[in-house]
Amino acid sequence: CNYRAACSPMAMMRLTGRLFRKGSRTMAKSQKKTAAAEKSSRQERQAREGKILVITACVMGAIILAFVLSILAGQIFQSDWFRQRANAVSVDGEKLSVADYNFFFYRSYYEFLNNVGTDETGMYSSPQADVPLSEQYMDEEKNVTWQDYFDNRAQTLLKDTYAYYHLAQNAGFTLSEEMLDDIQYDYDEKIWFEAVEVGHSTEADYLAQNYGAGMTKDIYMKNLTVLYTAKFYKDFYRESIEITPEELDAYYASHAQDYRSVYYQLFYLSGASSGGMEAAKQHAQELAELHTLEEFEAQCEAYMVYNTDESYWQTASVLRRESCWTSISYLRDWLSGSRAYGDTTVAEASNGYYVAFFREESDNDYPTVNLKYFTVSGADANDDVRDYLDAFSKSDGSAQSFFELSDNIRDKDYNRSDNRKISSITYDNATILTVPEDALDWAFDKARTKGDVTTIRAEDGWYVLYFDGFGETASRMIADKQLRTERYKAWTQEVESDVSFAEGRYFGKTASR
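Here's a quick rundown of the structure. (Residues numbered from 1 in each chain as written. Predicted model: local features only at pLDDT ≥ 70, side-chain atom pairs only at ≥ 80, totals over all residues. Heavy atoms only, no water.)

As summarised here, the arrangement of the 4 strands in space is β4-β3-β6-β5, forming an open sheet in which the pairing is antiparallel. The open sheet is flanked by β4 (318-323) and β5 (344-348), the only strands paired with a single partner. Across the sheet, the mean angle separating the axes of adjacent strands is 35° when strand polarity is ignored. Across 6 bridges, the pairing between strand β3 (residues 261-270) and β4 is antiparallel. Bridging from a neighbouring strand, serine 261 pairs with serine 323 of β4. Those strands touched by helix α12 (residues 293-302) are β3 and β6 (352-362), and its axis lies near 150° from that of β6. (Pairing = 2+ DSSP bridges. Helix = DSSP H or I, 4+ residues; strand = E, 2+ residues; numbered from the N terminus. Axes fitted to C-alpha atoms, helices over the stretch in contact; angles between N-to-C directions. Contact = heavy atoms within 4.5 Å.)

Right under this line is the structure:
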């Protein structure tokens with residue numbers, strides 16, 4: 001019966017209902033789980049996609065920022081502001097900017113170009129202006145570019161300059177008004193005159209075009225002052241070297257034969273003339289047979305015809321006044337020997353023959369002289385000199401009056417922007433080798449007294465000279481010059497041997513690379 005009840009239709013329906021409801025609940029739970037899973041998956045996917053978008057945005061932003069920064073960096077690196085501040089080199093512990101370095105680079109560069117083909121550079125070729133220096137070689141082996149060469153020149157100038165500049169600072173060395181005037185003169189001559197008078201430009205444009213972008217007048221003048229301070233300090237040190245009279249006398253005595261002052265007449269016969277070297281030698285020997293000055297000078301003038309137009313010697317005989325040790329090498333040994341008036345010699349040179357006629361010598365045992373002079377030229381020179389001498393005769397006769405009264409007549413230096421008058425040129429402790437020949441007899445006359453004035457007619461005007469008294473003995477002045485030079489040279493070698501130099505981070509941004 002219970003079986004029948006359990007299996008009855010009603011019971012089956014209730015069982016089926018319960019199973020359906022249970023299945024529905026299970027299915028609902030399953031659907032809820034599936035929906036939750038799908039929601040969670042969707043959220044995770046959205047999160048991943050969000051992260052990808054953020055990362056992509058960051059990457060794109062970084063790329064754009066890097067691009068913008070690279071443009072800005074390029075503009076900064078090419079800006080005047082950068083060149084005026086970025087460290088190019090360090091010299092003797094001092095950091096210098098790109099613009100500072102460029103001053104010394106172009107200073108060396110233009111100095112070379114102005115002197116190329118002379119003994120000062122010893123070089124007879126120069127770089128092409130329209131080709132970068134780094135792409136031109138100065139040697140046949142192509143080991144050194146012109147960029148390397150001028151960098152080396154600039155760095156040598158930098159090291160030498162800052163070594164002495166720092167010594168000057170440490171010594172409390174200051175510039176005088178005259179020194180400051182010299183610095184301004186240099187700027188006027190090299191920058192103002194070239195920019196305004198020659199180039200019809202502005203100083204700012206000229207500096208940027210010729211000394212690199214970023215160069216300003218202030219930067220140029222700062223470095224020019226450093227350069228001149230070093231130079232002035234070196235001069236100051238040289239003059240401050242103390243040497244006793246006993247040292248001078250002993251030094252001269254040990255070099256007396258070499259330092260003798262000699263006068264001799266000199267003539268040259270070219271071996272390139274008709275007959276070649278043999279003919280030149282024969283004519284030279286003929287001249288050497290003459291033992292009076294008048295005959296020698298006359299025959300030299302006649303023999304000028306044997307020198308062709310290509311010969312470097314285009315005059316008659318000339319008077320040479322010099323110390324034995326500074327004479328031309330072909331004659332030095334002969335002049336250093338025991339000589340007398342009328343002695344002659346013939347010396348073979350590379351392309352001809354020298355002939356010398358000895359006139360006189362001096363052992364330099366005489367007082368030197370102190371002179372001042374200025375020049376006067378132009379259409380009114382004669383009247384100007386006459387009026388000047390009349391005014392000076394009524395003055396106190398001092399060296400100061402000699403200069404001041406000439407202010408309106410003495411020649412000007414037209415290279416300066418202000419056409420500054422040429423200062424009265426001074427010879428202190430002048431010897432017979434340094435005083436102009438036309439003034440020798442007057443200057444070394446034993447009767448000469450301080451304040452004496454004379455005039456000398458020149459080809460294009462007048463020299464006006466003032467005698468400012470006798471000076472030190474010539475032999476001591478010669479010894480002083482040589483001994484001072486030796487000690488000064490030893491000092492400079494010591495100073496320049498220990499100067500540090502290092503390229504900075506932005507050395508590659510310096511001139512002409």
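Strand order in this open sheet of 4 strands is β8-β7-β10-β9, and the pairing throughout is antiparallel. Two strands close off the open sheet at either side, each with one partner strand: β8 (425-430) and β9 (453-458). Each strand of the sheet is rotated relative to its neighbour by a mean of 25°, with strand direction disregarded. Sheet analysis places β9 next to strand β10 (residues 461-473), joined by 6 bridges and oriented antiparallel. Within the sheet, the bridge partner assigned to threonine 454 lies in β10 and is leucine 465. Packing against the sheet, helix α14 (residues 381-393) makes contact with β7 (367-377), β9 and β10, and its axis sits at approximately 40° to β10. Most of the contacts of helix α17 (residues 474-496) go to β10, to which it runs at about 90°, and overall it touches β7, β8 and β10.

Any link to function would need more than the numbers given here.
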